[in-house]
2 protein chains.
Amino acid sequence: MHIESFYPPKRTLMGPGPSDISPRVLQSLSRPTVGHLDPLFIKMMDEVKSLLQYAFQTKNEFTIAVSAPGSAGMETCFVNLIEPGDKVIVCRNGVFGERMRENVVRVGAEAILVDNEWGEPVDPHAVEKALQNNPGVKAVAFVHAETSTGALSDAKSIAAIAQQFGALSIVDAVTSLGGVSLLVDEWGLDAVYSGSQKCLSCVPGLSPVTFSPKAVEVMSQRKSPVQSWFLDQSLVLAYWSGEGKRSYHHTAPVNSLYALHEALVLLHTEGLESAWQRHSDMHEKLKKELESLGIEFVVNEEHRLPQLNTVKIPAGVDDAQVRNQLLQQFNLEVGAGLGKFSGNAWRIGLMGYGAREENIALCIQALREVLSQSK
Amino acid sequence: MHIESFYPPKRTLMGPGPSDISPRVLQSLSRPTVGHLDPLFIKMMDEVKSLLQYAFQTKNEFTIAVSAPGSAGMETCFVNLIEPGDKVIVCRNGVFGERMRENVVRVGAEAILVDNEWGEPVDPHAVEKALQNNPGVKAVAFVHAETSTGALSDAKSIAAIAQQFGALSIVDAVTSLGGVSLLVDEWGLDAVYSGSQKCLSCVPGLSPVTFSPKAVEVMSQRKSPVQSWFLDQSLVLAYWSGEGKRSYHHTAPVNSLYALHEALVLLHTEGLESAWQRHSDMHEKLKKELESLGIEFVVNEEHRLPQLNTVKIPAGVDDAQVRNQLLQQFNLEVGAGLGKFSGNAWRIGLMGYGAREENIALCIQALREVLSQSK
């Protein structure tokens, strides 16, 4: 066996994540590793917490980064807040709503489904009806920005309805955080998870999570132990916020947290509203250019995510061949369709550091060349 | 709020992990992120798999890195192999045996405890007796190298006994992998998990795991779904080894996997036996020097881990003050005692890249200076 060091090419990442990463964030990864209980590292974690509170627009004391990817962040919310026998309304308008259902079932709870078509947002009225028809629902779970379809749902309205019925809101903000308006406290969201590798433009592997005081209260009044030891937040919190002395729970991914810190410093320096505006502006530009190539969007204009543009593959065009050529010839990654959209849609990401003029220029010109050859 | 970029100091890490990391591994982290389904990345993952097979000394097809720290690797073994109502013998001679018990209980299975004193190895005869007294045990779970005490257990004998009784062996090799002899196939171990940040000297955040064909068979014949979606290996395998087409499960921690690849290339280049010998040689040297300072070991000589030296804090010495001074004055991290050993032992790691002459020299001289002042 002879295996050499791996030197990846420099791709331009315009898929559904991981997104393009700022050189500053990449460089921060290589800084010397310190111990996960080192006082300087603990101080840095406190800063990560403050910066995440800013990004989530929350004062929630419970605001941390789970030491694993976004799907573990999702699981963190369900295993800590939901117990066997609980009823949870799960809104399903794409892959990640279905994954939420999987989580609810594996906790031993009952999932009550509110289905919308792929590419459409969650219908708040349908959520309201489901709550009326199912007394005693503990939580309403939905995806703010569906990464599989590019549709944005009205998190504010859905959370308000949940609150009216005394239910918690559990919100997937994996693709929304940092890319579109997300106001955790103002909208009254209870448990929100995200990922490091979308609009935060950090490396994949971490999942920012925030719980409202109400969610923390629910967690503290559990009757059964959390089924996951690794994701049991009552234990994790002793590490992230133990007063005075931090307790060891697991070894934190030190260098990945350097990168998250740096990515959040960049976001804070730019300002959240400016970042949202930049995503919106870049989306407008991309949209115009794509339309000039005759490419149509899957999602209606008013529910479109600026940071994730799901478009129909033009008739007669070979999906895999085009994406392969974009990758080989231009080092450009564009996302395949997922689930129902597999083979008939592309997902073009403009996330975080990737939401830039030069990325759009490359994408449009490369698509123009490749599509003209494939016809 | 004003938060600046974080520039950690260069520490020498001689605690229980994270360990010192080679500059080559740190540099690999900063390489440009590629997509987690990029063909070049998939090829690199295949190499990681081959290199892990080498490190574990196994031909197990199921050999991967879980996208989370070692404690998630532990949970991966239990949630995939153990079902509610199963009986599991858990050997407990330190913190991590107790954590295994926690995992067994949270799966809804019954934990039958075999206790040994902290600092002692697991007693194979006690395991045998427990198997005789408890027919129908599904698995025997034990820690090969107890990170909390520095004791090495006889994995080969314990696994052989488990096999005689038709039970699986579930083995914690977090601190042993790469530091002492570990022969997964020859010893017939069924499920083994480790961590990236000990003797592999990679950044924390990944957990190498290998399952024998028998373990894979047990997994495939489950009656109940795996309670964790994130750690469900039947889903994860479609990403790590899907023939032809890899399926998306979660977004892999791309850059951390670059680092694991590089760390494993370094291990393969050095050779496993050489690495084991180096750990042993450096331990002998450290031992002699510590003894010359009048410092005694906690664990009997024959069961001592070379890579993790647990020593008694000399009488009259202030634990926290000494460790703090080592850190502030010499940028040297030495581990505190854990659990029962908190406040009365130090854990001095010689792991992976940290098992070097210069680290021992620094540690001994710094200890000499600080201890002479503290008396």
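Residues numbered from 1 in each chain as written. Chains lettered and ligands numbered in written order. Predicted model: local features only at pLDDT ≥ 70, side-chain atom pairs only at ≥ 80, totals over all residues. Heavy atoms only, no water.

### Looking at the relation of the copies chain B and chain A
For clarity, the cut-off: The copies were overlaid by least squares, fitting only the C-alpha atoms of residues that reach a pLDDT of 70 or more in each copy. Should any heavy atoms of two residues lie within 4.5 Å, those residues are considered in contact.
The two copies are related by a screw motion: chain B maps onto chain A through a turn of 180 degrees and a shift of 0.0 Å along the axis, at an RMSD of 0.0 Å. Taken together, the turn and the small shift mark the pair as related by a two-fold rotation axis. Considering only C-alpha atoms, the residue of chain B closest to the rotation axis is Ala68(B), which sits at 2.5 Å. In this assembly, 100% of the residues forming the interface of chain B have copies in chain A that are likewise at the interface, indicating an isologous arrangement.

### What to know about the sheet that holds strand E12 (residues 332–336) of chain A
Residues and elements named next belong to chain A. Using the following cut-off: For two strands to pair, DSSP has to find at least two bridges joining them. Helix and strand definitions follow DSSP, with helices as H or I runs of at least four residues and strands as E runs of at least two, each counted in order from the N terminus. Axis definition: a line fitted to C-alpha atoms, limited for helices to the stretch in contact. Angles are taken between N-to-C directions and run from 0 to 180 degrees.
Strands sit in the order E1-E12-E13-E11 across an open sheet of 4 strands; the sheet is mixed. Two strands close off the open sheet at either side, each with one partner strand: strand E1 (12–14) and strand E11 (308–312). Sheet twist, expressed as the average angle between the axes of neighbouring strands with direction ignored, equals 30 degrees. Across 2 bridges, E12 lies against strand E13 (residues 345–349) in antiparallel orientation. Residue Gly 335 lies in a different strand from E13, and its bridge partner there is Arg 347. In the packing of helix H12 (residues 319–330) onto the sheet, contacts are made with E12 and E13, and the angle to E12 comes to roughly 160 degrees. Sitting on the sheet, helix H13 (residues 357–374) is in contact with E1, E12 and E13, with an inclination near 85 degrees to E1.

### Details of the pattern of salt bridges
All names here are of chain A. This is how it is decided: The term salt bridge refers to a side-chain nitrogen of Lys or Arg lying within 4 Å of a carboxyl oxygen of Asp or Glu. Burial classes follow relative accessibility: with a 1.4 Å probe on protein chains only, a residue under 20% of its type's maximum area counts as buried, one over 50% as exposed, and anything between as partly exposed.
Under the counting rule described, the total for this entry stands at 39 salt bridges over all chains. Put simply, Asp 20 and Arg 356 hold a salt bridge, and the shortest N to O gap is 3.4 Å. Placement of Asp 20 in the loop between E1 and helix H1 (23–29) and of Arg 356 in the loop between E13 and H13 is noted, with a sequence separation of 336 residues between them. For the pair formed by Asp 20 and Arg 356, the shared burial category is buried.

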